[in-house]
Amino acid sequence: MMYNLAIIFGEQVKVMNGVEGFMYPNEIGLQWSVLIVLYPFITGLVAGAFILASLERVFHVEAIKPTYRLALLTALSFLIVAPLPLQLHLGHPERSPEMYFTPHSTSAMAMFGYVYLWYLMAVLVFEIWLDYRRDIVLLSQSTKGLLRWLYKLMTLGSDNISPRSLHIDEKVGWVVTLIGIPSAFLLHGYVGFIFGSIKANPWWSSPLMPVVFIFSAMVSGIAGVMLIYMAVTKLRRQPIDIRCVDSIAKYLFYIFIIDFSLEMLDLIHRVYEADESFRSLDFMVHTKLYIPHIVIQIILGTVTPLVLLSITQVVKLPEQVRKRMYVTAGCLAMVGIFAMRWNVVIGGQLFSKSFLGYTTYKMALVTREGSLVAAGLSILPLFILWALVKLLPPWPSEHAVQPVAGD
Amino acid sequence: MNLSRRHFLVLMPAAAIAWKSVLAGTPEQASNYKISEHWWGMLIDIPKCIGCGNCVRACQAENDVPDGYFRTWVERYHVEDENMTNPQVISPDGGKEGFPIATEDAGKYFFVPKMCNHCSDSPCTQVCPVGATFVTPDGVVLVDPKYCLGCAYCVQACPYGCRYIHPDKKVADKCSLCYHRITKGLTTACCENCPTGARQLVDLKNPKDPIHEFLKTHSVQVLKPQMATGAKAYYNGLDGSVR
């Protein structure tokens with residue numbers, strides 16, 4: 001009798017906990033929350049935005065020049081925010097410097113601090129500084145008060161803007177961008193490796209994971225910069241450079257095809273191989289992950305924007321229609337990439353490593369790892385970008401006349 | 001009591017050593033424990049397990065395990081003849097209070113105690129970003145709670161679901177193989193409280209340990225051997241349906 005009551009009570013608890021089938025008892029609560037979804041999404045935007053910028057700098061794609069500086073500032077804004085979701089997630093954030101001081105050599109995660117610092121300081125900040133040095137020097141001469149001192153500080157004492165000096169800046173900047181491309185791949189490929197190297201989890205464990213992460217990062221970064229450029233230009237009441245947007249959309253389309261092909265390769269491989277985990281994962285994709293994976297990620301976030309972009313590539317459409325299609329495709333691509341991160345991080349924790357059951361992710365609203373914090377962290381880079389654009393206007397024609405009135 | 005200067009000089013170092021010992025608290029291991037002479041593991045004899053939950057209760061009492069989390073737990077498998085790859089498994093509250101009466105006659109029922117496998121090539125140790133989790137020279141996987149960041153990467157990396165983030169301490173927690181006991185010559189709390197001897201602490205470096213004879217004469221397996229983690233929880237009579 002007691003046992004029967006126990007099982008009845010146990011069943012009720014299980015239903016309340018959102019568990020179906022059997023989970024190992026320690027698996028019921030998810031360890032990694034929406035904040036860990038945000039982390040690869042944000043670093044992906046950084047890597048993608050930087051790679052878009054490098055197209056102009058290294059590969060001389062002149063058409064996308066209007067977005068070059070904006071892409072760099074976007075990358076910096078998101079990179080500044082990237083560690084915050086990780087810090088908020090840690091049980092003991094005060095101990096996180098230990099990753100710098102005593103990194104564990106066999107841990108992929110231990111490299112985070114170094115990869116992050118390298119990318120932030122040696123690549124992004126350095127490249128932005130080199131590119132803006134002339135402007136900073138001019139601004140330090142034309143502004144007044146506190147702002148003047150800030151710009152003076154930002155020159156780092158290097159106020160020589162002779163043609164020879166600027167030529168050196170240009171050369172060094174080119175080298176930094178060249179180093180920056182593999183660094184951007186490293187930054188986001190390493191995030192993919194964090195997941196792909198976990199052999200205990202068949203949803204994650206795949207050598208394709210870092211490659212898929214890199215290409216999806218490029219999709220989100222390129223789409224993100226395209227949307228930001230169009231929105232900012234609209235806000236500035238300036239005409240959108242359609243040649244620039246056309247070029248960005250073309251690159252977005254090509255990269256998206258590679259990204260989608262890789263994801264499909266991974267999927268086909270899993271389905272064809274059908275190892276011991278397949279039945280469990282297949283069930284999950286058709287039930288708990290059906291909406292986020294099939295509907296949002298694949299249909300809405302990948303196939304639809306790909307169709308829209310392919311139409312713009314093969315059919316001659318009026319400028320206004322193309323712009324609308326780019327905006328729609330860009331927004332959907334962002335939703336699709338976010339859904340991809342969600343499905344990797346959250347989806348990978350919804351099934352039991354026993355392959356016998358499933359749990360449910362309940363996102364809280366106002367907790368440290370809740371949806372409000374996640375929403376705040378998603379918006380925060382845009383505020384930082386706004387401040388950066390004010391400080392370092394990316395539009396040469398404007399800041400030459402009116403140095404601090406960026407937009 | 002008259003204390004000469006000579007006696008005082010002799011007693012001072014002894015008193016200093018004694019005071020240092022008092023300040024250090026209880027030593028973690030017995031003075032005669034030689035860490036290099038042991039290589040610990042666990043033998044779990046499935047046919048002997050009756051699913052009483054004594055081991056789970058003993059572990060929780062010994063190690064102050066928080067409610068709803070488990071350093072060890074017991075699963076009951078129900079495997080039907082025609083559906084061997086899809087067993088029905090339950091572990092209500094980790095099997096702490098035992099199990100409900102089986103309702104179906106078809107197929108077989110058996111209990112499987114689970115715990116950290118103290119892997120020699122442990123994935124959890126590999127992924128820890130600061131080395132807060134480590135394998136001791138005597139083969140026990142431990143967590144340093146004063147060093148752990150609470151990132152939960154080790155929890156993700158464990159194929160057996162043996163780790164959790166302690167809800168109060170906010171650090172990774174798991175079976176320590178009662179390290180505070182075994183280094184004093186005692187056995188683990190779960191082994192000591194198992195009424196049937198289904199769990200036995202084994203020392204693979206001790207030539208006199210009965211495990212050597214047992215391994216020679218029984219068909220013994222580890223969980224998820226394809227994971228190649230060097231698991232040291234050896235299961236006798238492990239059914240192929242167990243995950």
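Okay, so let's go over this structure. (Residues numbered from 1 in each chain as written. Chains lettered and ligands numbered in written order. Predicted model: local features only at pLDDT ≥ 70, side-chain atom pairs only at ≥ 80, totals over all residues. Heavy atoms only, no water.)

Moving on: the overall build of chain A. In terms of regular secondary structure, chain A is built from 16 helices and 2 strands. A compact globule built from 407 residues would reach a C-alpha radius of gyration of about 22 Å, and chain A, at 23 Å, matches this within 12%. Put simply, chain A has 407 residues, and 56% of those count as buried. The long-range fraction of contacts in chain A, counting pairs at least 24 apart against all pairs at least 6 apart in sequence, stands at 79%. Split by element, the accessible area of chain A, about 18000 Å² in all, is 71% carbon and sulfur. (Helix = DSSP H or I, 4+ residues; strand = E, 2+ residues; numbered from the N terminus. Rg over C-alpha atoms; globule rule 2.2 N^0.38 Å. Buried < 20%, exposed > 50% of the residue type's maximum accessible area, 1.4 Å probe, protein only. Contact = heavy atoms within 4.5 Å. Areas by Shrake-Rupley, 256 points an atom, 1.4 Å probe, with all protein chains shown as cover.)

With that settled, consider the side chain of Asp-45 of chain B. On the secondary structure map, Asp-45 of chain B appears in strand S1 (residues 40-45). Here Asp-45 of chain B is in contact with Ala-198, Phe-214 and Asn-236 of chain B, once residues within four sequence places are set aside.

Each aromatic ring pair is summarised here by two numbers: the centre-to-centre distance and the angle between the ring planes. Evaluation of the coordinates by the stated rule reveals 19 aromatic pairs over all chains. Look at Phe-351 of chain A and Phe-355 of chain A: their rings are 6.4 Å apart centre to centre, the planes differ by 20 degrees, and that puts the pair in the stacked class. Phe-351 of chain A sits in the buried class, given a relative accessible area of 2%. Among the aromatic residues, those joined into a ring-pair cluster are Trp-32, Phe-195, Trp-204 and Phe-213 of chain A together with Tyr-153 of chain B. A cation sits over an aromatic face here: Arg-236 of chain A above Trp-395 of chain A, 3.8 Å from the ring centre. Lys-250 of chain A extends its terminal NZ or CZ atom over the ring of Tyr-251 of chain A, reaching a point 5.5 Å from the ring centre. (Phe/Tyr/Trp six-rings, centres within 6.5 Å; stacked < 30°, edge-to-face > 60°. Lys NZ or Arg CZ within 6 Å of the ring centre and 35° of its normal.)

Residues and elements named next belong to chain A. Here helix H9 (residues 209-235) is 27 residues long and its end C-alpha atoms lie 38 Å apart, about the 39 Å a rise of 1.5 Å per residue gives. Counting buried positions along H9 yields 23 of 27 residues, so the element is predominantly enclosed. Residue Arg-237 follows H9 closely and has a positive phi angle near 55 degrees. (Expected span 1.5 Å × (residues − 1).)

Residue and element names in this part refer to chain A. Relative to the assigned elements, Val-46 resides in helix H2 (residues 34-57). The spatial distance from the C-alpha of Val-46 to the C-alpha of Phe-59 is 19 Å, given a sequence separation of 13 residues. Excluding residues that lie within four positions of it along the chain, Val-46 makes contacts with Ala-75, Phe-78, Leu-79, Tyr-119 and Leu-187.

Quick look at the layout of surface pockets now. Gaps between atoms show up when a probe of the same size as a water molecule is rolled over them. All names here are of chain A. Within this model, the second largest pocket holds a volume of roughly 850 Å³. Taken together, 38 residues line the second largest pocket, and the ones lying closest to its centre are Pro-202, Trp-203, Asp-266, Arg-270 and Leu-281. Secondary-structure elements contributing two or more residues to the lining of the second largest pocket are H9, helix H10 (242-273), helix H11 (278-286), helix H12 (290-314) and helix H13 (319-345). For the lining of the second largest pocket, the leading source of residues is H10, giving 9 residues. Split by residue class, the lining of the second largest pocket holds 20 nonpolar, 10 polar and 8 charged. (1 Å grid on protein atoms, 1.4 Å probe; cavity = no way out; pocket = protein on both sides within 12 Å on 5 of 7 lines; lining within 4 Å. Points joined across faces, edges and corners; volume = space filled by probe spheres on them. Nonpolar A, V, L, I, M, F, W, Y, C, P; charged D, E, K, R; others polar.)

This next bit is on the sheet that holds strand S3 (residues 88-90) of chain B. Residue and element names in this part refer to chain B. Pairing is antiparallel across the open sheet formed by 3 strands, whose spatial order is S3-S2-S4. A single partner strand is all that each edge strand has here, and the edge strands are S3 and strand S4 (108-115). For this sheet, the mean angle separating the axes of adjacent strands, direction not counted, is 25 degrees. Direction of pairing for strand S2 (residues 72-79) relative to S3: antiparallel, over a ladder of 3 bridges. Paired with His-78 across the bridge in S3 is Gln-88. (Pairing = 2+ DSSP bridges. Axes fitted to C-alpha atoms, helices over the stretch in contact; angles between N-to-C directions.)

All names here are of chain A. Summed over all chains, the structure comprises 21 salt bridges over all chains. A salt bridge links Arg-57 to Glu-127; the nearest nitrogen and oxygen atoms lie 3.9 Å apart. Of this pair, Arg-57 sits in helix H2 while Glu-127 sits in helix H6 (residues 112-142), and the two are 70 residues apart along the sequence. By the burial criterion, Arg-57 is buried, and Glu-127 matches it. Salt bridges linked by common partners bring Arg-57, Arg-69, Glu-127, Asp-131, Arg-134, Asp-135 and Glu-170 together as one network. (Salt bridge = Lys/Arg side-chain N within 4 Å of Asp/Glu carboxyl O.)

Counting residues at the interface gives 56 residues for chain B and 38 residues for chain A. Taking both partners together, chain B and chain A bury about 3900 Å²; carbon and sulfur atoms supply 56% of that area. Area buried by chain B at its contact with chain A is led by Leu-149, Tyr-153 and Gln-156 of chain B, which between them contribute 20% of it. Joining chain B to chain A, the criterion identifies 0 salt bridges. Applying the counting rule to chain B against chain A returns 29 residue pairs in polar contact (both at pLDDT 80 or more). (Buried area = accessible area lost by both parts, 1.4 Å probe. Polar contact = N/O pair within 3.5 Å; in protein donor to acceptor, adjacent residues only side chain to side chain.)

Residues and elements named next belong to chain A. Remark: H2 packs on H9, axes separated minimally by 6 Å, with the N-to-C direction vectors making an angle of 70 degrees. Compared by their axis directions, H2 and H9 come out roughly perpendicular. Counted together, Pro-40, Gly-44, Leu-45, Ala-47, Gly-48, Ala-49, Ile-51 and Leu-52 of H2 and Phe-213, Ala-217, Met-218, Ser-220, Gly-221, Ile-222 and Val-225 of H9 form the full contact between these two elements. When the residues that make up the contact of H2 with H9 are grouped by side-chain class, the tally is 11 nonpolar, 4 polar and no charged. (Parallel < 35°, antiparallel > 145°, perpendicular 65-115°, else oblique.)

Time to look at the sheet that holds strand S10 (residues 220-221) of chain B. The pairing of strands in a sheet comes from backbone hydrogen bonds and takes either a parallel or an antiparallel form. Residues and elements named next belong to chain B. In space, the 4 strands of this open sheet follow the order S9-S1-S11-S10, with mixed pairing throughout. Two strands close off the open sheet at either side, each with one partner strand: strand S9 (199-203) and S10. As judged from the 4 bridges shared by S1 and strand S11 (residues 233-236), these two strands associate in the parallel manner. Its bridge partner being in S11, Asp-45 is matched across the sheet by Asn-236.

This paragraph deals with empty space enclosed by the protein. Applying the stated rule across the entire model yields 6 cavities of 30 Å³ or more. Computed from the structure, the largest cavity encloses a volume of approximately 170 Å³. The wall of the largest cavity is formed by 14 residues, among which Glu-27, Gln-349 and Lys-353 of chain A together with Val-155 and Gln-156 of chain B lie closest to the centre. Mapped by element, the contributors of at least two residues to the lining of the largest cavity are helix H14 (347-350) of chain A together with helix H4 (153-157) of chain B. Taken together, the residues that form the lining of the largest cavity break down as 3 nonpolar, 8 polar and 3 charged. Together, 14 residues line the second largest cavity, and Cys-59, Cys-175, Leu-177, Cys-178 and Cys-190 of chain B are the ones closest to its centre.

The subject of this paragraph is the pairing of S1 of chain B. Residue and element names in this part refer to chain B. Here S1 lies mainly inside the structure; 6 of its 6 residues are buried. A two-sided burial pattern is seen for S1, the buried positions comprising Trp-40, Met-42 and Ile-44 on one face and Gly-41, Leu-43 and Asp-45 on the other. Bridge analysis of S1 against S9 gives 5 bridges, and the strand direction is antiparallel. Residue pairing for S9: Trp-40 is matched across the bridge by Asp-203.

Residues and elements named next belong to chain B. Of note, the phi angle at Lys-170 is positive, near 60 degrees, even though the residue is not glycine. Residue position: Lys-170 is located in the loop between strand S7 (164-165) and strand S8 (172-173). In this structure Lys-170 comes out as partly exposed when scored by relative accessible area, which is 39%. One non-glycine residue, Lys-224, lies in positive phi territory at about 45 degrees. Here Lys-224 shows up in the loop between S10 and S11.

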